[in-house]
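# A closer look at the structure
Spelled out, the chains give:
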Amino acid sequence: MDMINIGYSGASAAQVQLNVTAQNTANAMMPGYTRQVAKTSTMGASPGALNSAGNGVQVDSICRVSNPYLVNQVWFAATDYGYYTTQQQYLTQLETVLSDENSSLNAGFDNFFAALNAASTTPDDPALREQVLSEANALALRFNNTTRYIHSQSSEIVSQQQATISQINTLTVGIADYNQKIAEAEANGDNPSALYDARDQMVEQLSGMVDIQVNIDDRGNYNVTLQNGQPLVSGQQSATIKMESRSGGKQSLTLTFAGTTSNMTMATGGSLGALFDYQHKVLDPLTGTINSIAQQFTTAVNSQLAAGYDLNGNPGAPLFIYAGDSPDGPLMINPDITPDQLAFSSAPDAPGNGNNLQALIGIAGQPLTIANLGTVTVGSACTSIISNIGIYSRQNQTEAESASNVYSEAQNQWSSVSGVSMDEEAVNLIAYTQIYQANLKVISTGAKIFDSVLEMF
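Residues numbered from 1 in each chain as written. Predicted model: local features only at pLDDT ≥ 70, side-chain atom pairs only at ≥ 80, totals over all residues. Heavy atoms only, no water.

## Quick notes on the environment of Gly365
Which entries qualify depends on this criterion: Strands are runs of DSSP state E lasting at least two residues, helices are runs of H or I lasting at least four, and both sets are numbered from the N terminus onward.
With respect to the secondary-structure elements, Gly365 resides in the loop between helix H7 (355-361) and strand E12 (368-370). Each C-alpha atom, one on Gly365 and one on Ile449, is 109 Å from the other, the two residues being 84 residues apart in sequence.

Okay, here's the thing in C-alpha cells:
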C-alpha cells in the first residue's frame, strides 16, 4: 500500500503543478498578473518505519513569484512617469497655440506696426487709417483668444484635478478593502494570489497619481502614506482627499483620515502634482505676463495718441482699452473711435503731419516693464514668452522620455522575475505531465503487486 500511496501523492502534486501551469499560461497576457508556483516538500518516513523510503510528496502552498524590491521600483518609476507625461500633454498644446502664425502675439504686433508704417506715407489717407484700426482690432483679438485658451486649459486642469482626486479616493478605498479580503482569504486557507495582484495594480495606479510610500505590516497589510507621512491607507482604513476653490480661483487640498481633517500640500508628485505645478508654474505666470503686456502697451499707445491731434484738429482719443479682469480678454478697441480720430499729427492745424504717427511707430522699440520679464520691448516680450514655454517644454519632454524609459525598464525587470514565460511554462507542462504519468504508472505497478499477493491466497 505504501507504493500506491506514494504514487498517489506524486500524481496529486503533479496535478496541482499542472493546474498552476495552466493558470499561468491562461493569464500570460494579463497586465499585472504575477506568476505562481506550487511549493512542494518531501513527506518523510513514519516514525519507527526503519525500512520505509518515505511517504511521498506534499504541496505546501501555491504562492506568487514576487520580488518586493522590483515591485517598489515599478511604483517609484510610475510617479515620475505620471508627473512628466501629464505636464507634457498640456505643454505641447500650449506651445502650438502660442507659436502658431495665425494666433501668435508677435505676428499681431508685426501686423499692427506694419499698418502704422504704411500709413506714414500718407497720414491723412482714410483707407490706411482704416487698416490701422483693423490691425489694432486683430491684435486685440489675438490677445483675447490667447487668454481664453489659457483660461480653458485652467478650467480643464481643475476638472482633471477633481477627476484625479476622485480616482485616488477610489483607489485608497480599494487598497484598504483588499487588505481585508487578503486577511480573510489567508485565515480561511484560500489562495489570495489574485487578490495580491489586484492590490498591487491599484498601488501602481495610485503611485502614478501621487508620490507615495508603502509599508507592509506584520499582518501583510499595505499601509500607504504620502511622502510627508500623511496616511492614505492604514490597514482597513482609508483617507479621503478633497479639493476646494478659494478666492481668486486658487485651490486648496484637505485630507481626512479617521475623522481628522488636515491641510494637504499640493506638491504631491505624480499626475496630480503635475497638474498643480503646471497651473502655478506655467499658466498663472503666463497669464500675468500677457496681461502686463496688454496693459503696458495700451498705456503707451493711448498716451502717445493723447499727445497728438486727429484730422479734425482735436486731441487724440484712446485706441485701446485694457480690461484685465474681463472674461472676454484683456484687450479691446475703443468702440467709439473712428479712422479720422486717430491722432497722427503733432499739430492741430496740420492734419497731414505724421510726426505723432512716427512716435507711435517708435513704441515698437520702446522698453516697457513687463511682469516676469523685466524691461523689454513688446516684440522681445512675445518672443520670450514662446522661448520660455519652449525651453520648459523641451526640458519636460526630456524628463518625460527618461521617466518613460525608467518605467519601462522597471516593468521589464519585474516581468523577468514575476512575469509568465511561455517557453518555461511549456517545459513545465511537459515535465509535470510526465511526472503525473509516471506516478500513475507507480500506482498501477503497486496495484499489480498487490493483486499478485492476493492471488497467493
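On we go from here.
## As for the pattern of salt bridges
Counted only if it meets this: The term salt bridge refers to a pairing of a side-chain nitrogen on Lys or Arg with a carboxyl oxygen on Asp or Glu at a separation within 4 Å. When accessible area is computed with a 1.4 Å probe and restricted to protein chains, residues below 20% of their type maximum are described as buried, those above 50% as exposed, and intermediate ones as partly exposed.
Applying the stated rule across the entire model yields seven salt bridges. For Asp197, the salt bridge goes to Arg64, with nearest N and O atoms at 2.6 Å. Taken together, the residues Asp197 in helix H5 (residues 193-209) and Arg64 in strand E2 (residues 56-64) connect sequence positions 133 residues apart. Between Lys181 and Asp177 there is a salt bridge; the shortest N-O distance is 3.3 Å. Highlighted residues: Lys181 and Asp177, both in helix H4 (residues 126-187), separated by four residues, approximately one helical turn. Residue Lys181 is classed as partly exposed on the basis of its relative accessible area of 36%. Judged by relative accessible area, which is 33%, Asp177 ranks as partly exposed. By sharing partners, the salt bridges in this structure join Arg64, Asp197 and Asp200 into a single network.

## A closer look at the packing of helix H3 (residues 105-119) against helix H8 (residues 378-418)
A pair of packed helices is captured by two measures, namely the crossing angle of their axes and the spacing between those axes. For the record, the criterion: Helix axes are fitted to C-alpha atoms over the stretch in contact, other axes to C-alpha atoms as well, and angles between N-to-C directions run from 0 to 180 degrees. Under this scheme an angle from 65 to 115 degrees is roughly perpendicular, one under 35 degrees roughly parallel, and one over 145 degrees roughly antiparallel; angles in between are oblique. For a crossing to be left-handed, the near helix must be turned anticlockwise from the far one by less than a right angle; the clockwise case is right-handed. It only takes one pair of heavy atoms within 4.5 Å for two residues to be counted as in contact.
Between H3 and H8, the least distance of the axes is 9 Å, while the angle of their chain directions is 160°. With respect to H8, the element H3 is oriented roughly antiparallel. When you trace H3 past H8, the crossing you get is left-handed. Touching Leu105, Asn106, Phe109 and Phe113 of H3 are Val378, Gly379, Cys382 and Thr383, all from H8.

## Some remarks on H4
Stated formally: How far a helix is expected to stretch is found by multiplying one less than its residue total by 1.5 Å. In the analysis that follows, any N or O atom pair within 3.5 Å is treated as a polar contact, provided that within protein one partner can donate a hydrogen and the other can accept it, and provided that, for residues neighboring in sequence, both atoms belong to side chains.
Between its first and last C-alpha, H4 extends 91 Å over 62 residues, near the 92 Å set by a 1.5 Å rise per residue. Sitting at the amino-terminal end of H4 is Asp125, which places a side-chain oxygen 2.9 Å from the backbone nitrogen of Ala127. Note on H4: the residue one or two positions beyond its end, Gly189, has a positive phi of about 80°.

## Looking at the side chain of Asn221
Mapped onto the secondary structure, Asn221 falls in the loop between strand E3 (212-216) and strand E4 (222-226). Here Asn221 falls in the buried class, since its relative accessible area comes to 9%. Non-local contacts of Asn221, meaning those with residues more than four positions away in its chain, are made with Asn179, Arg199, Asn215, Ile216 and Gly235.

## Some remarks on the sheet that holds strand E9 (residues 260-264)
Applicable threshold: At least two bridges found by DSSP between two strands are what make those strands a pair.
Strand order across the open sheet formed by three strands is E7-E8-E9, with antiparallel pairing between neighbours. The open sheet terminates on both sides in strands that have one partner only, identified here as strand E7 (240-245) and E9. Ignoring strand direction, the axes of neighbouring strands in this sheet form an average angle of 30°. With six bridges connecting them, E7 and strand E8 (residues 251-257) associate as antiparallel partners. Its bridge partner lying in E8, Thr240 is registered against Thr256.

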